[in-house]
Amino acid sequence: MTTEVFCNDKLAKEYIDNVFATLKAKNAHQLEFLQAVEEIFISLVPVFAQNPAYIQHNILSRIVEPDRIVSFRVAWQDDKNQVQVNRGFRVQYNNVIGPYKGGLRFHPTVNESIMKFLAFEQIFKNALTGQPIGGGKGGSDFNPKGKSDAEIMRFCQAFMTELYRYIGPDVDVPAGDIGVGAREVGYLWGQYKRIRGAYEAGVLTGKKPGYGGSLARKEATGYGLVYFVSEMLQEANQSFLNKTVVVSGSGNVAIYAIEKAQHFGAKVVACSDSAGYIYDPEGINLKVVKEIKELKGDRISTYLKYRPNAEYHEGCTGIWTIPCDIALPCATQNEINGESARKLISNGTKVVAEGANMPSDLEAINEFLAADILFGPGKAANAGGVAVSALEMAQNSGRNYWSFQEVDEKLHRIMKSIYAESKEAAEKYGYSGNLVVGSNIAGFIKVAEGMLAEGVY
Ligand code: NDP
Ligand code: 2IT
């Protein structure tokens, strides 16, 4: 039995600051992780002020500590028969709402801080989808660039040979993220199936349609982002029609965000990769981008061979100097800093929505909010990918397939509902129009209530 206690903003802030100070002392070098936590903590002051039970049960100290982190060696042979060694991770953060769920990232920058920031955000994102999925993330510092198909396969098999013991359709369900798409998921799945000796399709999502995968999963994050932005625009009596849009990245999220934005009548004038960006004032030819990136795995600079009137610029941040109505960062974390945010604002950008995870740093977010930019935080705006992953799990358990249209309609409904819930939570807690606060609160409360119901462990 707990007794009712009084709380207010000051006491709530003191509690949150204390938890953050302890976390910072314990994880001093994990900058991305601390950044992700700080953004959420700032939003939660009114929630703790109004729900003292959360303090009594020390929900915050419990929620920031992952259930477990697995780190493992991945040894594999390259095409020259040399043995290479990488580090693999799986962060199982919180499974109050469902099995741990989140992608795998293969990128040389992967470390524990990045894994933890992604897994932490995933808890609240997944809660927002309304689907029964907890939060997790994994990956490796393996660099897929320049590797042959056989090397990718051997790496994926070696990675799964260790990972398989920690995952399962009701335990933890990985999927793709940067550097991991349907090809990699296919190799991972094949190895899992061989080791387990059973067809447990729901252990991984993002599989190819026809081999256990869901239609519309490939498109889901990008389409979902554009559906979310449409809700934001509708609120301001606007739409994508004739808007100028800049999208960073040219991977899975970026490509399908461009596709849907164009479908809704927008002119997308720029996209990028980690080396530089292209500017095509006539509007990006998406067929060309798909050929370069999806078929050839080439650099975005080669776009100029097909469209000589376009421009190519080295470096990533310059893309935010292009005047646009809507900016959709879809590449990676911290790609928009305060300076880029100020440039976007002074160029008249009205909407910024995050397809990537944490692409705007804290200074940039503050700039956007202060300038009354319509700002869609990643946790809410890019949740379409994992939402359709949950729909893939549902199809796998039901041993059936839904049509593209059926999945796309469900995705659309989920994105509308995430927007509505985030907006409503912001209003309820006195931050009308602030979707950062709204989505953090709406996601957090679902998890916190589940933790209260489960009791202390
Ligand atoms: P991809 O690997 O398909 O594409 C990533 C794109 O971002 C590429 O164009 C890549 O360029 C660029 N990029 C990667 N790292 C950097 C970097 N350090 N600096 C600049 N550009 C970079 O990944 P996704 O499209 O799947 O993921 C993009 C973002 O969206 C990530 O933040 C991811 O976490 C997030 N996300 C992904 C979801 C999904 O379903 N896939 C769901 C929700 C969020 P290059 O080709 O040169 O490497
Ligand atoms: O960041 C993300 O939400 C993803 N990479 C998708 C995760 C998933 O399980 O589909």
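You'll find the structure just up there.
Calculation rules
Residues numbered from 1 in each chain as written. Chains lettered and ligands numbered in written order. Predicted model: local features only at pLDDT ≥ 70, side-chain atom pairs only at ≥ 80, totals over all residues. Heavy atoms only, no water. Pairing = 2+ DSSP bridges. Helix = DSSP H or I, 4+ residues; strand = E, 2+ residues; numbered from the N terminus. Axes fitted to C-alpha atoms, helices over the stretch in contact; angles between N-to-C directions. Expected span 1.5 Å × (residues − 1). Buried < 20%, exposed > 50% of the residue type's maximum accessible area, 1.4 Å probe, protein only. Contact = heavy atoms within 4.5 Å. Phe/Tyr/Trp six-rings, centres within 6.5 Å; stacked < 30°, edge-to-face > 60°. Near = heavy atom within 4 Å. Polar contact = N/O pair within 3.5 Å; in protein donor to acceptor, adjacent residues only side chain to side chain. 1 Å grid on protein atoms, 1.4 Å probe; cavity = no way out; pocket = protein on both sides within 12 Å on 5 of 7 lines; lining within 4 Å. Points joined across faces, edges and corners; volume = space filled by probe spheres on them. Nonpolar A, V, L, I, M, F, W, Y, C, P; charged D, E, K, R; others polar. Salt bridge = Lys/Arg side-chain N within 4 Å of Asp/Glu carboxyl O.

Moving on to the sheet that holds strand E11 (residues 351-353). The strand order across the open sheet formed by 7 strands is E9-E8-E7-E6-E10-E11-E12, and the pairing between neighbours is mixed. Where the open sheet ends on each side, the last strands, each with one partner, are strand E9 (311-314) and strand E12 (374-376). Averaged over all pairs of adjacent strands, the angle between strand axes in this sheet comes to 15 degrees, irrespective of strand direction. Bridge analysis of strand E6 (residues 244-247) against strand E7 (residues 267-272) gives 3 bridges, and the strand direction is parallel. Pairing of valine 245 across the sheet is with valine 268, part of E7.

Let's shift gears to helix H7 (residues 149-163). In this model, H7 (15 residues) spans 21 Å end to end at C-alpha, consistent with the 21 Å of a helix rising 1.5 Å per residue. For H7, the set of buried residues is Glu151, Ile152, Phe155, Cys156, Gln157, Ala158, Phe159, Met160 and Leu163. On its buried side, H7 packs onto strand E1 (68-77), strand E2 (83-94), strand E3 (100-106), strand E4 (135-140), strand E5 (172-176) and helix H8 (182-196).

Applying the stated rule across the entire model yields 24 aromatic pairs. Measuring from centroid to centroid gives 5.5 Å for phenylalanine 48 and phenylalanine 444, while their planes differ by 45 degrees, and the two rings are tilted. Of this pair, phenylalanine 48 sits in helix H3 (residues 45-50) while phenylalanine 444 sits in helix H18 (residues 435-454); the two residues are 396 residues apart in sequence, bridging distant segments of the chain. Taken as a pair, phenylalanine 48 and phenylalanine 444 share a single burial class, namely buried.

Here we take up the site of ligand 2. Looking at ligand 2, there are 14 residues lining it, with Lys101, Gln122, Lys125, Asp177 and Ser389 nearest. Contacts to ligand 2 include aspartate 177, whose side-chain N or O atom sits 2.9 Å from a nitrogen atom. Here asparagine 357 contributes a side-chain N or O atom positioned 3.0 Å from an oxygen atom of ligand 2. Where the shell around ligand 2 is concerned, the elements lending two or more residues are E3, helix H6 (112-128), E5 and helix H16 (384-398).

With that out of the way, let us pick up the layout of surface pockets. The gaps left among the atoms become clear once a water-sized probe is rolled over them. Of the volumes computed, that of the second largest pocket is approximately 300 Å³. For the second largest pocket, the lining is made up of 15 residues, of which Leu374, Ser432, Gly433, Asn434 and Leu435 are closest to its centre. Mapped onto the lining of the second largest pocket, the elements with two or more residues apiece are helix H9 (217-235), E12 and helix H17 (404-428). Along the lines of polarity and charge, the residues of the lining of the second largest pocket split into 8 nonpolar, 3 polar and 4 charged.

For the rest of this paragraph, the subject is the site of ligand 1. Within the structure, ligand 1 sits among 27 residues, and Asp177, Thr221, Ser274, Arg299 and Asn357 are positioned closest to it. Here glycine 179 contributes a backbone N or O atom positioned 2.9 Å from an oxygen atom of ligand 1. A distance of 2.9 Å is found between an oxygen atom of ligand 1 and a backbone nitrogen or oxygen belonging to valine 253. Contributing elements (two or more residues each) for the shell around ligand 1: H9 and helix H10 (252-263). The residue makeup of the shell around ligand 1, split by class, is 6 nonpolar, 13 polar and 8 charged.

Strand order across the open sheet formed by 5 strands is E1-E2-E4-E3-E5, with mixed pairing between neighbours. With partners counted over all chains shown, the strands left at the sheet margins are E1 and E5, one partner each. Pairs of neighbouring strands in the sheet enclose a mean axial angle of 20 degrees, with direction left out of account. Pairing of E2 with E4 involves 6 bridges; the strand directions are antiparallel. Residue pairing in the sheet places arginine 90 in a bridge with glycine 138 of E4. Sheet strands in contact with H7 are E1, E2, E3, E4 and E5, and its direction is about 140 degrees off that of E1.

As for its placement among the helices and strands, tyrosine 256 is situated in helix H10. Judged by relative accessible area, which is 2%, tyrosine 256 ranks as buried. Sequence separation between tyrosine 256 and glycine 222 is 34 residues, and the spatial gap between their C-alpha atoms is 4.4 Å. Among residues more than four places away in sequence, those in contact with tyrosine 256 are Lys218, Glu219, Gly222, Tyr223, Lys290 and Glu294. In terms of polar contacts, tyrosine 256 uses its side chain to reach the side chain of glutamate 294, at 2.9 Å.

Before going further, it helps to examine the pattern of salt bridges. Counted by the stated rule, this structure contains 24 salt bridges. Here arginine 165 and glutamate 162 are joined by a salt bridge, their closest N and O atoms 3.6 Å apart. Among the residues examined, glutamate 162 registers a relative accessible area of 22% and is labelled partly exposed. Salt bridges here are not isolated pairs; linked through shared partners, they connect Glu39, Glu121 and Lys379.

What follows is about empty space enclosed by the protein. Scanning the model with the defined rule gives 1 cavity of 30 Å³ or more in all. Taken as a whole, the largest cavity spans an internal volume of roughly 40 Å³.

A rise of 1.5 Å per residue sets the reference length of H16, with its 15 residues, at 21 Å; its end C-alpha atoms lie 21 Å apart and thus fit the reference within 8%. Among the 15 residues of H16, 12 are classified as buried, and the element is accordingly described as predominantly covered. Of all the positions in H16, only Gly384, Gly385, Val386, Ala387, Val388, Ser389, Ala390, Leu391, Glu392, Met393, Gln395 and Asn396 are classed as buried. Residues of H16 that are buried make contact with E3, H6, E5, H9 and H17.

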